[in-house]
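Listed here are the chains, written in short residue letters.
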Amino acid sequence: MRYRQLTTGTLALGVLLLIDVLRVWLPGIITIFGQAASTPAELMGAFALGWFVLAMGAPAVVRRVGARPVTVVAAVALAVARLALTAAPGGRTQLWLATAGLVAGLVWLVGVAADTDRPVPGLALGFAVNAALHAVLDTVDLVWRGDWVAWLLSAVAVAVFLVGAAQPGQRGGAGNALTGPVDTPVGPADAAAGPGGGRAWLVAGPALLLAGMVALSPALARTGMSYLVAGDGVARSPLFGLAPVPVAVAAFLCAALTRPPSGWGRAYGPVALLGGAVLFALGRGDLLLPAVLLAAVGLGACLALTDDTGQPAADTASAGTSAARRGYAVATGMLVFALGAVGYYSAYDLGYPNAAVPVVVAVLIAAVAFTARPVVDRLPGPFPPLRAAAAVTALALLAPVLADEVPVASNRDGPPERLTVVAYNIRMGFGLDGRFDLAGLAEVVERQRPDVVLLSEVDRAWLLNGGHDTLDLLADRLGMPYVFGPAADPVWGDAVLSRWPVDDPRTLPLAAVGAPTGAQALAVTLDLSDGVRTAVVSTHLQPPPGKGPVVQARAVADFATRYAAGRPLVVAGDLNTEPGDEAFVEFTKAGLVDALAAARPLATSPADDPRQQIDHIFVSPGLTPGDPVAPRSTASDHLPVAVTLTLPPR
């Protein structure tokens, strides 16, 4: 039994390390290889897919060289790359380190698959432990932290993984043409690798995609909770936003590690997974939480259906054939992961519908799982299911206690005479060097001592960007609660953070007019006490190809002035228009004043060599702007803009 436990634990650790690498590599496609959207989306997609296509050749290498040497070498390369990424070097060094780690991880999976016909316990534990740790770390992985704790924990994980990878495999005694002879003593449960496991390895990649996007995404769970707080299509800072994560982890592991029901009862997993994927695809914030929970149960149950322990291989030739099939199965499944990820997220650059992608992936997993042969004499797993689920769930239960913070606004010192407003396009939290740079974002904002912060390009759970809840993380650092308005989808949009209480949030979806990424306008009212109230509108205009965002600018100006209804008004954000352009004039035609006029020219993009004035703050005539500034920083590809507004006398 101890060899099976060792193999399962090593597989789980390797999956955890590979997911860590993916959370660095995927954002690198956009922020480093993509060069701030200057690289065509088609080229970025080809770069991403190419490495997974390359890994399709790994089974042939394993067949020729043998699984064990390939697995050990790939494990060492994965471990070195993962540990090196803890330094978060940024730039092309970071991209190529992550790419090396990705390729090594894919080859390692192929080698492990050749020698393991029962991967479900290891895969399930890897997915679940990674989700629990991601939640406990408040969705900021160790690779981005860089302190001594991050180095220590990363080194321990890598060392344990390498020790496990260096040991003789779970399957001993008989050996085969791929693994070579193994002389480690084993028990009956550790017989030579059988013909099973192909279906489980095939769904590993698609399952990883849906786990990261929906089922085991702490950021998505917290975002779903934030929509339940506010209603009306907007989201607010939730209390115990990570509370659903232990529930999802427990449901997933219990379903994955226990024996599935017989007959038509087997359908509950595929049906639940499809239901969760459909709810997610509907793109409604209030459906995110049930989507997470349904997908977690369904994904775990589908993995259990593929847990075919198989029979011992009859001879060396059949063992070699089964091992090769498993290698090709996992390589194909990871290619499906890449196709799904690229297909889903490229839509935000190219403008085609993408809601079907998670549903199609769920259909694939459900079909493979439901058509699997029921196992009559199922061998016991390497770990007691309930104990394993309880242990990982206990880890996840720390997240609501350790990682959840709820900043509270107050107007006890109001009403103020002045308000300092900051508008900032934060590029999903990634700086020009490709590092996830919360500290840099918070530092440049805090220097302005803001009362209100308006954010654009806010990402709350995209797997492509590492699965972070950037908004909640930044709100915690600034000590300011938020209101969030969805734009591209329920987890990507604009936000308002305020030290003052806000009410009456409203959001206006803006016409796409040919631009692929969605846009909206989020309006809130600041309660400055004693009946003093100010309207604030945050937006990010998306210009159609070759034109200015005139139609959207007109819609935002009209929406904002109607919402303010004569009260003082602030409209700000990344407007993608220069002073004097037609879209810029739409705001001045509505009676608003350019609050940054005294500092013009005030270029804000790109951050390292600003040439364009596309981030703006407009105010109603009753507000007197002063001290306009665009402080320098490379924590995003834009500079923030800030201004201090003197309120009209009461």
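Going by the structure above, here's the rest.
Everything in this summary refers to the structure shown in the same document. (Residues numbered from 1 in each chain as written. Predicted model: local features only at pLDDT ≥ 70, side-chain atom pairs only at ≥ 80, totals over all residues. Heavy atoms only, no water.)

### Here's the deal with a nonpolar patch on the surface
Okay, so step 1: Judged by side-chain polarity, Trp-148, Val-149, Leu-152, Leu-153, Val-156 and Val-160 come together as a nonpolar surface patch covering roughly 580 Å² of accessible area.
Okay, so step 2: You can see Val-156 is positioned in helix 7 (residues 148-166). (Patch = residues over 30% accessible without salt bridge, like charges linked within 9 Å, V, L, I, M, F, W, Y side chains within 5 Å. Areas by Shrake-Rupley, 256 points an atom, 1.4 Å probe, with all protein chains shown as cover. Salt bridge = Lys/Arg side-chain N within 4 Å of Asp/Glu carboxyl O. Helix = DSSP H or I, 4+ residues; strand = E, 2+ residues; numbered from the N terminus.)

### Here we look at helix 12 (residues 288-305)
Okay, so step 1: Taking 1.5 Å per residue as the helical rise, helix 12 with its 18 residues ought to reach 26 Å, and the 26 Å between its terminal C-alpha atoms agrees with that figure.
Okay, so step 2: Burial of helix 12 is extensive: 14 of the 18 residues sit out of reach of the surface. (Expected span 1.5 Å × (residues − 1). Buried < 20%, exposed > 50% of the residue type's maximum accessible area, 1.4 Å probe, protein only.)

### Quick notes on the sheet that holds strand 9 (residues 569-574)
Okay, so step 1: Across the sheet, six strands lie side by side as 6-7-8-9-11-10; this open sheet has mixed pairing. Where the open sheet ends on each side, the last strands, each with one partner, are strand 6 (502-510) and strand 10 (593-594).
Okay, so step 2: The pairing of strand 8 (residues 533-540) with strand 9 spans six bridges and is classified as parallel. Within strand 9, the position partnered with Ser-538 by the bridge is Ala-572.
Okay, so step 3: On the sheet, helix 20 (residues 582-589) packs against strand 9, strand 10 and strand 11 (615-619) and is oriented at approximately 15° with respect to strand 11. (Pairing = 2+ DSSP bridges. Contact = heavy atoms within 4.5 Å. Axes fitted to C-alpha atoms, helices over the stretch in contact; angles between N-to-C directions.)

### A look at the pattern of salt bridges
Okay, so step 1: Going through the model one piece at a time under the given rule, you end up with 20 salt bridges.
Okay, so step 2: Here Asp-469 makes a salt bridge to Arg-460, at a shortest N to O gap of 3.0 Å. When sorted by exposure, Asp-469 lands in the same class as Arg-460, which is buried.
Okay, so step 3: When the shortest N-O distance is used, the salt bridge between Arg-562 and Asp-558 registers 3.0 Å. Placement of the pair is Arg-562 and Asp-558 together in helix 19 (residues 550-564), with a separation of four residues, close to one helical turn.
Okay, so step 4: With a relative accessible area of 40%, Asp-558 lands in the partly exposed category.
Okay, so step 5: If you follow the salt bridges from partner to partner, you end up with Asp-138, Arg-222, Asp-404, Arg-460, Asp-469 and Asp-472 in one network.

### Quick notes on the sheet that holds strand 12 (residues 624-629)
Pairing between the strands of a sheet comes from backbone hydrogen bonds, and it takes one of two forms, parallel or antiparallel.
Okay, so step 1: Ordered by their spatial adjacency, seven strands build an open sheet running 1-4-5-3-2-13-12, and the pairing between neighbours is mixed. Two strands in the sheet have a free side with no partner beyond their single neighbour: strand 1 (235-236) and strand 12.
Okay, so step 2: Sheet topology note: the strand 4 (residues 482-489)/strand 5 (residues 492-498) ladder contains six bridges and is antiparallel. Note that in strand 5 the partner of Asp-489 across the bridge is Trp-492.
Okay, so step 3: Across the sheet, helix 18 (residues 470-478) lies against strand 3 (452-459), strand 4 and strand 5, angled at about 155° from strand 3, the strand it touches most.

### As for helix 4 (residues 67-85)
For an α-helix, the turn length of 3.6 residues means that residues three or four places apart are oriented alike.
Okay, so step 1: With 19 residues, helix 4 should cover 27 Å at 1.5 Å per step; its first-to-last C-alpha distance of 27 Å lies within 8% of that length.
Okay, so step 2: Every buried residue of helix 4 is listed here: Ala-67, Val-70, Thr-71, Ala-74, Ala-75, Leu-78, Ala-79, Ala-81, Arg-82 and Leu-85. Buried residues in helix 4, looked at end-on, bunch into an arc of 165°, giving them a common side. Facing away from the buried surface of helix 4 by more than 90 degrees, the exposed residues are Val-73 and Val-80. (Arc of directions from axis to C-beta.)

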